Amino acid sequence: MSPTLRLLASFAALMMAMGIGRFALTPQLPHLISEGQISLTAAGLVAAANYLGYLLGAVDGMFARRPAQVRGRLLAGLWLCVGLTLACYWAQDFWAHLLLRFGTGVASAWVVVTLTSLTQQLAAQSQQPRLGALVFAGPGMGICMLRVTLWLQAAGVFACLLGNGAGLALGVLLCGTPFLACMQLVMQRSRELAPQATQRNAGLLTACFAVGQLSGPLLAALSAQFSASLQPALLVAGSGLIVAGLLLRPTSAARASCADVGAPIVRR
């Protein structure tokens, strides 16, 4: 199989792991709450369980060194994402949903860590590093784009404060669209800094990402519990993204890289 086809297959696998294993809960929440299976506070805890599983799966994936270990986690993660998500159909209470989402968090992290490492190595070995971006469907414009991405997401979070359909739609668009691009930019930067440690870096970055996402649902649960509103949590989240964007001050090398985007590549 050609490198391009293998990378496209990895893109499909990652789309399933992230789209199903991680975010299948989101469209279910309104129905679960309306049916009385869980409350808004409990929904935050269920989401937090998913991110806790994601954190533990990422840490475990960092220590998968041998090919058999990597292959085992990849295949197990893919099958578990499908199986546990289907099992959610029969779940009827808080604890069932919490345990299932915890399991899918672990499984999706296995897929993300192993695929990120494998595909970035494959793209580099085939001398087509730009193909690695196909896995995340995001552009590779470095730290300049990353700052813009964070501020777009902050704008999306604040748009949700409008409290109407238009605000929510704008929030989903601005928060969701840059998400995978942000992942690709960070992974690409880590590969540039330590090209011989892609497996470790993928696991470490995924674990750090999970810590941040774990705090989000917990903050939302606390906000719903004590203020009967998600507005305090949204204000904190949006402000955090703005601060993160301000902290991303490009170095001289990064500014030169941004200036060279679109310049013709000279091959020797």
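Quick caveat: nothing in here was measured; it's all calculated off a predicted structure.

Thresholds, definitions, all that
Residues numbered from 1 in each chain as written. Predicted model: local features only at pLDDT ≥ 70, side-chain atom pairs only at ≥ 80, totals over all residues. Heavy atoms only, no water. Helix = DSSP H or I, 4+ residues; strand = E, 2+ residues; numbered from the N terminus. Buried < 20%, exposed > 50% of the residue type's maximum accessible area, 1.4 Å probe, protein only. Contact = heavy atoms within 4.5 Å. Areas by Shrake-Rupley, 256 points an atom, 1.4 Å probe, with all protein chains shown as cover. Patch = residues over 30% accessible without salt bridge, like charges linked within 9 Å, V, L, I, M, F, W, Y side chains within 5 Å. Salt bridge = Lys/Arg side-chain N within 4 Å of Asp/Glu carboxyl O. Core = buried A, V, L, I, M, F, W, Y, C linked by side-chain atoms within 4.5 Å. Domains from an automatic or database assignment. Expected span 1.5 Å × (residues − 1). Arc of directions from axis to C-beta. Polar contact = N/O pair within 3.5 Å; in protein donor to acceptor, adjacent residues only side chain to side chain. UniProt positions renumbered as here; feature names shortened; annotations may be inferred. Axes fitted to C-alpha atoms, helices over the stretch in contact; angles between N-to-C directions. Parallel < 35°, antiparallel > 145°, perpendicular 65-115°, else oblique. Left-handed = near helix turned anticlockwise from the far one by under 90°. Nonpolar A, V, L, I, M, F, W, Y, C, P; charged D, E, K, R; others polar.

**Quick notes on the overall build of the protein**
Item 1. If you tally the helices and strands in the protein, you get 11 helices and zero strands.
Item 2. Along the protein, from the amino end to the carboxyl end, the secondary structure elements read α-α-α-α-α-α-α-α-α-α-α.
Item 3. Counting every position in the protein, which comprises 268 residues, the buried fraction comes to 43%.
Item 4. In the protein, the proportion of contacts linking residues at least 24 apart, taken out of those at least 6 apart, comes to 77%.
Item 5. Accessible surface for the protein amounts to roughly 14300 Å². Of this, 70% is attributable to carbon and sulfur atoms.

**Here's the deal with a nonpolar patch on the surface**
Item 1. Together, Val82, Leu86, Tyr89 and Trp90 give the surface a local cluster of nonpolar side chains, amounting to about 510 Å² of exposed area.
Item 2. Turning to its location among the elements, Tyr89 is positioned in the loop between helix H4 (67-87) and helix H5 (94-125).
Item 3. Residue classification places Tyr89 among the exposed residues on the basis of a relative accessible area of 63%.

**Some details on the nonpolar core**
Item 1. With 19 residues, the main nonpolar core has Tyr54, Val111 and Leu115 as its most contacted residues.
Item 2. Listed by contribution, the elements that provide at least two residues to this core are helix H1 (3-22), helix H3 (40-62), H4, H5 and helix H9 (198-227).
Item 3. By residue number, the principal contributor to this core is H5, which donates six residues.
Item 4. For this core, the two domains that each supply at least three residues are domain 1 (1-127) and domain 2 (130-259).
Item 5. In this view, Leu115 contacts Ser10, Ala13, Leu14 and Leu74; residues no more than four positions away in its chain are not counted.
Item 6. Formed by 14 residues, the second largest nonpolar core is a distinct cluster that contains Ile38, Val46, Tyr51 and Leu214.

**Regarding the side chain of Ser223**
Item 1. Relative to the helices and strands, Ser223 resides in helix H9.
Item 2. On the basis of relative accessible area, Ser223 is assigned to the buried category, the value being 7%.

**Points about H3**
Spacing of three or four residues puts side chains on the same side of an α-helix, whose turn is 3.6 residues.
Item 1. A rise of 1.5 Å per residue sets the reference length of H3, with its 23 residues, at 33 Å; its end C-alpha atoms lie 34 Å apart and thus fit the reference within 8%.
Item 2. Of all the 23 residues making up H3, 17 are buried; the element is thus mostly covered by neighbouring parts of the structure.

**As for helix H7 (residues 165-176)**
Item 1. Compared with an ideal rise of 1.5 Å per residue, which puts 12 residues at 16 Å, H7 spans 16 Å between its outermost C-alpha atoms and is within 8% of the ideal.
Item 2. Those residues of H7 that sit buried are Gly167, Gly171 and Leu174. Buried residues of H7, viewed axially, fall in a sector of 80°; they line one side. Facing away from the buried side of H7 by over 90 degrees, the exposed positions are Gly165, Ala166, Val172 and Leu173.
Item 3. Between a side-chain oxygen at the N-terminus of H7 and the backbone nitrogen of Ala166 the separation is 3.3 Å; the capping residue is Asn164.

**Examining the UniProt feature "transmembrane region" (unreviewed entry) in the protein**
Item 1. Per the UniProt annotation, the sites labelled "transmembrane region" (unreviewed entry) are residues 7-25, 37-62, 74-92, 98-119, 131-150, 156-181, 202-224 and 230-248.
Item 2. In the segment residues 230-248, helix accounts for 89% and strand for 0%; the C-alpha atoms at its two ends are 28 Å apart.

**Digging into unusual backbone geometry**
Item 1. Of note in the backbone geometry, Ala228 takes a positive phi value of approximately 55° without being a glycine.
Item 2. Note that Ala228 resides in the loop between H9 and helix H10 (231-247).
Item 3. Since its relative accessible area comes to 71%, Ala228 is described here as exposed.

**A word on the side chain of Thr85**
Item 1. In this structure, Thr85 sits in helix H4.
Item 2. Judged by its relative accessible area of 17%, Thr85 falls in the buried class.

**Some remarks on the pattern of salt bridges**
Item 1. Evaluated as defined, the whole model comprises one salt bridge.
Item 2. In this structure, Asp60 and Arg73 form a salt bridge, with 2.7 Å as the shortest nitrogen-oxygen distance. In this pair, Asp60 is assigned in helix H3 and Arg73 in helix H4, connecting sequence segments 13 residues apart.

**Description of the packing of helix H2 (residues 25-34) against H3**
Item 1. Packing of H2 against H3 leaves a shortest axis separation of 10 Å and a crossing angle of 155°. Classified by the angle their axes make, H2 and H3 are roughly antiparallel. As H2 runs across H3, the sense of the crossing is right-handed. Residue-level inspection shows Leu25, Leu29 and Ile33 of H2 in contact with H3, the latter providing Leu40, Ala43, Val46 and Ala47.
Item 2. Of the residues contributing to the contact of H2 with H3, the split by class is seven nonpolar, no polar and no charged.

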